[in-house]
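Overview (structure and organization)
Each chain, written out:
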Amino acid sequence: MAITSYPFDGQAVTETQFSQMFREFQDSGVVASYSAESAFGVSAGSGMQVSVAAGLAFVRGFMVQSTATEILTIPAAGTSARVDRIVLRLDPSANSIVLAVLQGTAGSSTPTALTQTDAGLYEMELAQVAVGASITSITSANITPMRPVVGTRVGSWATRTRPASPRMGQIGYNNTTSQWEFWNGTAWASLVATVTWDSLSGVPASFVPAAHAHKWADISDRPSSLPPAAHTHDWSQVTGKPTSFVPSAHGHDWDDISGKPSTYDPAAHSHTWSSVTSKPSTFPPSSHSHSSYLESGDTIAWANGSKKPHSNSASGSGTYYAVWVEGDGTFCRNTSSLRFKQNVRDIDVDPEAVLSLRPRLYDRRPKSPGGDYRRDEYGLIAEEVAETLPEIVTYDEEGRIDALRYDLLGVALLPVVQAQEKRLRTLEKRLASLEAA
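Residues numbered from 1 in each chain as written. Predicted model: local features only at pLDDT ≥ 70, side-chain atom pairs only at ≥ 80, totals over all residues. Heavy atoms only, no water.

Regarding the overall build of the protein chain
The line we're drawing: Starting at the N terminus, helices and strands are each numbered in turn, a helix being any DSSP run of H or I of at least four residues and a strand any DSSP run of E of at least two. Our radius of gyration looks at C-alpha atoms and nothing else; its globule reference is 2.2 Å times the residue count to the power 0.38. When a residue's accessible area, from a 1.4 Å probe over protein chains only, is under 20% of the maximum for its type it is buried; when over 50% it is exposed; and in between it is partly exposed. In this description, contact between two residues means that some pair of their heavy atoms is separated by no more than 4.5 Å. Here the accessible surface of atoms and residues is derived via Shrake-Rupley with a 1.4 Å probe, and residues count as covered only by protein chains that are part of the display. We count Lys and Arg on the positive side and Asp and Glu on the negative side, and we leave His and both chain ends out. Where a charge lies is defined by one atom per residue type, namely NZ (Lys), CZ (Arg), CG (Asp) and CD (Glu).
Along the backbone of the protein chain there are 5 helices and 21 strands. By the compact-globule yardstick of 22 Å for 437 residues, the protein chain is too spread out, its C-alpha radius of gyration being 48 Å. The dimensions of the protein chain, computed from C-alpha atoms along their principal axes, are 135 × 100 × 60 Å. Considering the protein chain as a whole, with its 437 residues, one finds that 21% of them fall into the buried category. The contacts of the protein chain with a sequence gap of at least 6 include a subset with a gap of at least 24, amounting to 45%. If you sum the accessible surface of the protein chain, you get close to 33,700 Å²; carbon and sulfur atoms cover 54% of it. Across the protein chain, the mean location of the 35 positive side-chain charges is 4 Å away from that of the 44 negative side-chain charges.

Here's what the structure looks like:
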């Protein structure tokens, strides 16, 4: 890749190089204040003519100067309206920048696109002319100024060295006042006006608090944690709520029930032991008897026949089952036959996950404050097991970690034993090879 630098003494510099250099100094546009009607300003002339005022402009690094008003003729109107453009057209191959009319497409409100190449033709728009259907003259209402304006530079000065002949909008930093200022056409004005509460009009005398919100990150002196407290939420504010609710055991104050009858005829019914109030804490023995089993569904202590397995020991011939208790309290037998299973598939149990389990020693919490409890019991902690071997963890109806399937722990140990067996066989083969050598 060649490196070129210019301009230097005794060096030929092309117009292309000069235009590339100058366009970095100044954008394309007319050199004037924006409100000035001169500098290639377009106005209505006679009939289908427009006048273009004298002016000075940069066009893609080239400069053009007009010292007198130029007259351009707009092509005759047709039966459909169109939009023409008045442009300064740069043609480097002709070494010229001239005024031209870029005729629009009949029936379209969008003017013809400008040609703006980097090395060839380049058109800079001065104005747009709306040519109505069958009109014979152009008025000022038909002309929309489109001139880009350049010539204003951001500067830095002291009060005593401000520009002598500034253009409107010229901006700079005043080192004397330490403020940005601009020329408003008659005087230098501060770019940012100083505003005080007293200078504002229509301010209220007081402010009434209104409902509003703040981001948590915007609040200062906020606590690092918030202890839960009794509170309520509007139903509409709760997210993730179910679409329907399954009835569950609950109670109501008698006064809260509407439509209740004034009297009740006695009828056969039953109560659960927990729902009975004012019941004695103990019962003196008396002559009585028990049936061999309790009624199904009764929830009195030792319900569902649990008193019987509590009193019995395993004996005699026949089939034995491990007993499970379902979440609703129902007793059932533990089955393993394929006929009770579906979607059977392999599972990869990570031996490291099993080996990472930590046997712990703990005390059981009492059922009631001050009650008896089991001490020095050992086992696993379900929350810890859930981190490495969640397959044997069970959850209650509320989705909380509840218990462990200790019956599955032996299944989980199989991959550990199988891995150790494989390693032992490998070591035995290697040892036999060494002894043979």
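Some words on the environment of A94
With respect to the helices and strands, the residue A94 is situated in the loop between strand 7 (82-91) and strand 8 (96-102). Put simply, A94 and T263 are 169 residues apart on the chain and 113 Å apart in space, counted from C-alpha to C-alpha.

What to know about the sheet that holds strand 6 (residues 70-73)
Inclusion rule: Whether two strands pair comes down to DSSP finding at least two bridges between them. Where helices are involved, their axes are fitted lines through C-alpha atoms of the stretch in contact, as for all axes, and angles between N-to-C directions lie from 0 to 180°.
Within the open sheet, the 3 strands sit side by side as 2-3-6. Their pairing is antiparallel. In the strand order of this sheet, the two ends are held by strand 2 (42-44) and strand 6, each with one partner. Strand-to-strand twist in this sheet, taken as the mean axis angle between neighbours without regard to direction, amounts to 35 degrees. When strand 3 (residues 49-52) meets strand 6, the two strands line up antiparallel, connected through 4 bridges. Note that in strand 6 the partner of V50 across the bridge is L72.

Digging into a nonpolar patch on the surface
Rules: In this analysis, a patch consists of residues with relative accessible area above 30% that form no salt bridge, clustered at 9 Å for like charges and at 5 Å for the nonpolar side chains Val, Leu, Ile, Met, Phe, Trp and Tyr. We define a salt bridge as a side-chain nitrogen of Lys or Arg found within 4 Å of a carboxyl oxygen belonging to Asp or Glu.
On the surface, a cluster of nonpolar side chains totalling about 520 Å² of accessible area is made up of V195, W197, L200, V203 and F207. Its location among the elements puts V203 in the loop between strand 15 (188-190) and helix 2 (307-311). Judged by relative accessible area, which is 32%, V203 ranks as partly exposed.

Observations concerning the packing of aromatic side chains
Our working definition: Two aromatic rings, drawn from Phe, Tyr or Trp (for Trp, its six-membered ring), form a pair once their centres lie within 6.5 Å of each other, and the interplanar angle then sorts them: stacked below 30 degrees, edge-to-face above 60, tilted otherwise. In this analysis the charged atom, NZ for Lys or CZ for Arg, is taken to sit over a ring once it is within 6 Å of the ring centre and within 35 degrees of the ring normal.
Summed over the entire model, instances satisfying the criterion amount to 5 aromatic pairs. Note on W183 and W188: the rings are 5.4 Å apart at their centroids and 65 degrees apart in plane angle, and the pair reads as edge-to-face. With a centroid separation of 6.3 Å and an interplanar angle of 50 degrees, the aromatic rings of W197 and F207 are classed as tilted. Of the two residues, W197 is situated in the loop between strand 15 and helix 2 and F207 in the loop between strand 15 and helix 2; the sequence distance between them amounts to 10 residues. F207 sits in the exposed class, given a relative accessible area of 62%. The side chain of K241 reaches across the aromatic face of W235, ending 5.4 Å from its centre.

Focus: the nonpolar core
Rules: Joining through side-chain atoms within 4.5 Å is the link that ties buried Ala, Val, Leu, Ile, Met, Phe, Trp, Tyr and Cys residues into a set, and such a set is a nonpolar core.
Of all hydrophobic cores here, the largest spans 26 residues; its most connected members are F40, V42, V50, V59, I86, L88 and L126. Looking at this core, the elements with two or more residues in it are strand 3, strand 4 (55-59), strand 5 (62-66), strand 7 and strand 9 (122-131). Among the elements that line this core, the one with the most residues is strand 9, at 6 residues. Apart from residues no more than four positions distant in its own chain, L126 is found in contact with V30, F40, V42, V52, I86, V87, L88, L99, P145, M146 and R147. Grouped together as the second largest cluster of nonpolar side chains are 14 residues, V349, L389, I392 and L409 included.

Quick notes on helix 5 (residues 406-436)
This is how it is decided: How far a helix is expected to stretch is found by multiplying one less than its residue total by 1.5 Å. We define the bend at each residue as the angle formed by axes fitted to the 7 residues ending at it and the 7 residues starting at it.
With 31 residues, helix 5 ought to run about 45 Å at 1.5 Å a step, and its terminal C-alpha atoms sit 45 Å apart, in line with that. Its maximal kink placed at L414, helix 5 deviates by approximately 25 degrees, while the proline P415 follows within four residues. For helix 5, the set of buried residues is L409, A412, P415 and V416. On its buried face, helix 5 is in contact with helix 3 (351-355).

Topic: the pattern of salt bridges
Using the criterion set out here, one finds 11 salt bridges in the structure. With a closest N to O distance of 2.9 Å, E181 and R162 form a salt bridge. Here R162 lies in the loop between strand 12 (155-157) and strand 13 (171-174) and E181 lies in strand 14 (residues 179-183), a separation of 19 residues in the sequence. On the basis of relative accessible area, E181 is assigned to the buried category, the value being 5%. For R162, a relative accessible area of 27% gives the class partly exposed. Of the charged contacts in the structure, one is a salt bridge between D396 and R400, with a shortest N-O distance of 2.8 Å.

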